[in-house]
Amino acid sequence: MVTSAVETFRARAEEAQSSVHALAGWPEVAALAIALAGDGRVALAPSLARAQPALLAWLGARALLPDAAAPAASVADAAVGIVRGALAVAETGSVLLIEPDLADRCVSMLSRALIQVVERGRVVESLDAVPGALAEAGQPAYASLTTGPSRTADIERSLTIGVQGPHAVHVVVLG
Amino acid sequence: MSDGPARSGPSAGIAPFAQRYRGALADANVRGGLLGFQRSWQGTRDAQMLALEAIAGRGFGALRDEFAAIKDRVLAEPARYVAQFRAHAEAAGAVVVEVGSAAEANGYIADLCRRRGITLAVKGKSMVSEEIGLNAALAAAGVEAVETDLGEWLLQLAGDRPSHLVMPAIHWRRGQVAALLSRTLGEPFDADDIPAMARSVRAALRERFLHAGLGLTGANALIAETGSVMLVTNEGNGRLTSSLPPLHVVTVGAEKIVPSLADAIRQVRLLARSATGQPISTYTTFISGPTAGHELHIVLIDNGRSALAADPALAPALRCIRCGACANVCPAYQVVGGHAFGHIYTGPIGLVTTAAHHGLAAAAGPQSLCLSCGACATVCPVAIPLPAQILEVRREAFARGRGARLRRLAWRAFASRPLVAVASRLLALAALPLRAGGFTRLPFGLARRHVSWRTPPAIPWRPARARAALRAARAPLAPTAASGRRVLLFLQCVADRLAPEVPVAAAALLRAAGAEVIVPPDQHCCGLPAFDAGDHDAARRMARATIEALDGTDDIVTAAPSCVVMMLHDYARLFAGDPAWQARALGLAGRVHDLAGYLAGPARLPAGTLAAGDRAPVTVHRFCQGSHLLHAEDRLERLIADLCGVEVVPLAEAEVCCGFGGATSLAAPELAAGVLARKLANVGASGARVLVTDNPGCVLHLRGGAHAAGLAIRTLHVAEYLAARLPAAHASASPRGAGER
């Protein structure tokens, strides 16, 4: 049986407690964010807001951009954050976030629920693609392979989702 | 290796070993929690390693060996790789400093804080920081360092310290955590609502993250070709710690360097599967230089690492990726936990590296708890020969510890066959009035600590070597590949003197398979007990005598696989630097077989040959070293099922050590009793009432343990079990026969 990288990615990511959504375009991403946010705000990674300015319009008053002077405090515990992933790795269900800018990172680190958007063409089979992607990005100062929501098993080995990082991760495979 | 005083660091705050050992035994939370953990971890880890094989197209063994070789390449040329790492990290804007001691490292960081006016630091989980006592040093410099890993923070609040490399608070129960958090945060917590506790910790630590001037982390790897720091966490605290404060300081040993990002990915594939049984941890971060406007300092700490690297026996310990798997399979660790089984670094790897980082005195107590079962070496993802290294530390401790002279004399005496013969006669005589049903019953609560949980065996008057039955002729049952072959029978000192029926049975089985059995008269002890105790001089003396006694070209067979392990694996090390004896040892190793292997190999009788006899179901304890070093797997089960046609009931955790461990069960009887209890519980759960195994020491240990616990379990050496089924018609044993004492 031939399983596509996207299908394998979905299976592995769901095993890691991520939700995976195949969406056609950015408007659908905005709609997902609004649905997840309820009455809360949607923090946008500044690099994403620059690349997809329409997102700000679609999100309207919910949109939240990190404050340049105090990025962490300004987006901490936003209901939803949206960031862009550089790769989605089928082997482990991971998303590679390339985030040299602290403001981008604050959105992915501190939002309660995080949407990671990866273009379909950037779904790869194996972790072996990661070194190449980092080299291509010029060895960015900060990059993370993230796999599902933040978790701990420090209390009696009981798996507990949601510690310092997001308690829910939604991976959007775009296009 | 250092034998000097403890290096600077937190050792001073750690209670003496004996006190930690007693404290651990008294804490039922420890063994209960760890037993559940070890069992569930093993299942998850094994499943993940199988899945990895499907992903990588190669199994755990191949990936482990490949990565271990990569680590060795770096360890062989540390200067070159440090220079490469430094060049790339500095080009990316990081500051790289190399320091010798813990005090220098702490001084450097405290000084940075003073110059930047920092009084609050947040900290990711870092064993190196524990190793150097960073928190205390910073506190002394007026800097509060707040742990942000949940487990580490709880320990910090309680003034406790990690008992596991990966799960620092594994020795805590949820009720204790709820009580601690209620006191600290001033709100009530339900012990069963762990998510609520995690949410409150998130809120409580948030302000610290936002206001800290310094973020402190360790590193899981340093990547030479890019100058990157790899940091792996599950909670997300590592990313916050390394991102939010304007200054990030990494404390790490240079042994964490890997050549390339591709090699770091190789490490990632092994690390989480070995640590937590995850395919990958939640966050694997690559930091290449500081974030714009921030500072990144990478402090490369030696603190005994160069000395470790210079010791060929111990250097492979520097491959360690701190997954903690060695502790997760260690039966001794399960009973006492990491506060006793280790120092600051816990588990089997801690028994090795403690001497280098914190001095031999700190390593001397814990090393005595190792049972040498070999489970840690089998599971290690970087193939560190941990049991051999622990014995190396034990050798150092033996040579320099208190009472070394007296112990040396005792082993010298044991090396003498005539002396042992006289001593065992005297012992048998003294124990004669105490003999009861195959056991020795000590009166008046004598030696309670040693005999209350394991009834000692009766001490036979005649050793196996003096028994006519050992030499009794027997007609072969069927032609085998061993028909007409001369076989030298090695009796083993323990079986010869304490379980003579075992060599007698072994001889009968070999003859039934058509072999001509010779019992070389000058044999005594292979040297294992002395080697195990750390006295290599006495061990060499006995090894040489054994090699002489068993000289020739004939196959050598023994019913004691522990001696086979000694001859196959340890003789070569014992004679390192002595090519002549090493060659003779190798020649011996090529001829030696354990009885079960021989009966399943050349001396294999046709299926069903021993079908007549007891039909009761049997369960099999797999001798731990046989599983880990001789790859015996289910050989014993198959042999019994094949020859006897009886039902062999699977035993849970069959290859987990029974707790005998040679001298360990004498030095740490409570520990041995704990490991034995796990084994006997599994035997009880199997439903079988006959327990068969193949190492004489384990037979006596299990038999005595079952007796002391009042269990209706018959424990037999496989030779006894099989020989009892030999048809009487073929037996021509001496009239004194099996009952001979």
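Residues numbered from 1 in each chain as written. Chains lettered and ligands numbered in written order. Predicted model: local features only at pLDDT ≥ 70, side-chain atom pairs only at ≥ 80, totals over all residues. Heavy atoms only, no water.

**Notes on the domain arrangement of chain B**
Residues and elements named next belong to chain B. Considered domain by domain, chain B is made up of domain 1 (10-305) and domain 2 (432-731). When each unit is reduced to the centre of its C-alpha atoms, the spacing between domain 1 and domain 2 is 44 Å. Each partner contributes to the interface: domain 1 provides 5 residues, whereas domain 2 provides 8 residues. Between domain 1 and domain 2, the buried area comes to about 480 Å², and carbon and sulfur atoms account for 48% of it. (Domains from an automatic or database assignment. Contact = heavy atoms within 4.5 Å. Buried area = accessible area lost by both parts, 1.4 Å probe.)

**A closer look at the sheet that holds strand S1 (residues 18-23) of chain A**
Residue and element names in this part refer to chain A. Read across the open sheet, the 6 strands follow the order S1-S12-S7-S4-S2-S3; overall the sheet is parallel. Of all strands in the sheet, those with a lone pairing partner are S1 and strand S3 (63-64), marking the two edges. Lying on the sheet, helix H6 (residues 102-110) is in contact with strand S2 (42-44), strand S4 (80-84) and strand S7 (113-119); it crosses S4 at an angle near 130°. (Pairing = 2+ DSSP bridges. Helix = DSSP H or I, 4+ residues; strand = E, 2+ residues; numbered from the N terminus. Axes fitted to C-alpha atoms, helices over the stretch in contact; angles between N-to-C directions.)

**Thoughts on the environment of Asp111(B)**
All names here are of chain B. Checked against the element boundaries, Asp-111 lands in helix H5 (residues 102-116). Taking C-alpha positions, Asp-111 is 67 Å from Ala-421, a pair spaced 310 residues apart along the chain. A distance of 2.6 Å separates the side chain of Asp-111 from the side chain of Arg-114, its partner in a polar contact. (Polar contact = N/O pair within 3.5 Å; in protein donor to acceptor, adjacent residues only side chain to side chain.)

**Some points on the confidence of the model for chain B**
All names here are of chain B. For chain B, per-residue confidence averages 94 on the pLDDT scale, and residues scoring 70 or more make up 97% of the total. Every residue in residues 1-9 is under pLDDT 50, and counting partners more than four places away or in other chains gives 24 contacts. Low pLDDT (under 50) marks residues 729-741, which in the prediction has 23 contacts with non-local residues, meaning those over four places away or in another chain. Predicted as a complex, the structure gets a pTM of 0.94 and an ipTM equal to 0.98. (pLDDT = per-residue confidence, 0-100.)

**Quick notes on the interface of chain A and chain B**
Counting residues at the interface gives 49 residues for chain A, matched by 60 residues for chain B. Summed over the shared surface of chain A and chain B, the result is 7 salt bridges. Linking Asp77(A) and Arg206(B) is a salt bridge whose minimum nitrogen-to-oxygen distance equals 2.8 Å. The tally of links between chain A and chain B comes to 32 residue pairs in polar contact (both at pLDDT 80 or more). Counting only elements with at least two residues in the side of chain A that touches chain B, the list comes to helix H5 (71-75), strand S6 (94-98), H6, helix H7 (129-136), strand S9 (142-146) and strand S10 (151-152) of chain A. Element by element, the count of residues in the side of chain A that touches chain B is highest for H6(A), at 6 residues. Among the residues forming the side of chain A that touches chain B, the class breakdown is 22 nonpolar, 17 polar and 10 charged. Relative to strand S9 (residues 283-287) of chain B, S9(A) runs antiparallel, the two being bridged by 5 bridges. Its bridge partner lying in S9(B), Ala143(A) is registered against Phe286(B). (Salt bridge = Lys/Arg side-chain N within 4 Å of Asp/Glu carboxyl O. Nonpolar A, V, L, I, M, F, W, Y, C, P; charged D, E, K, R; others polar.)

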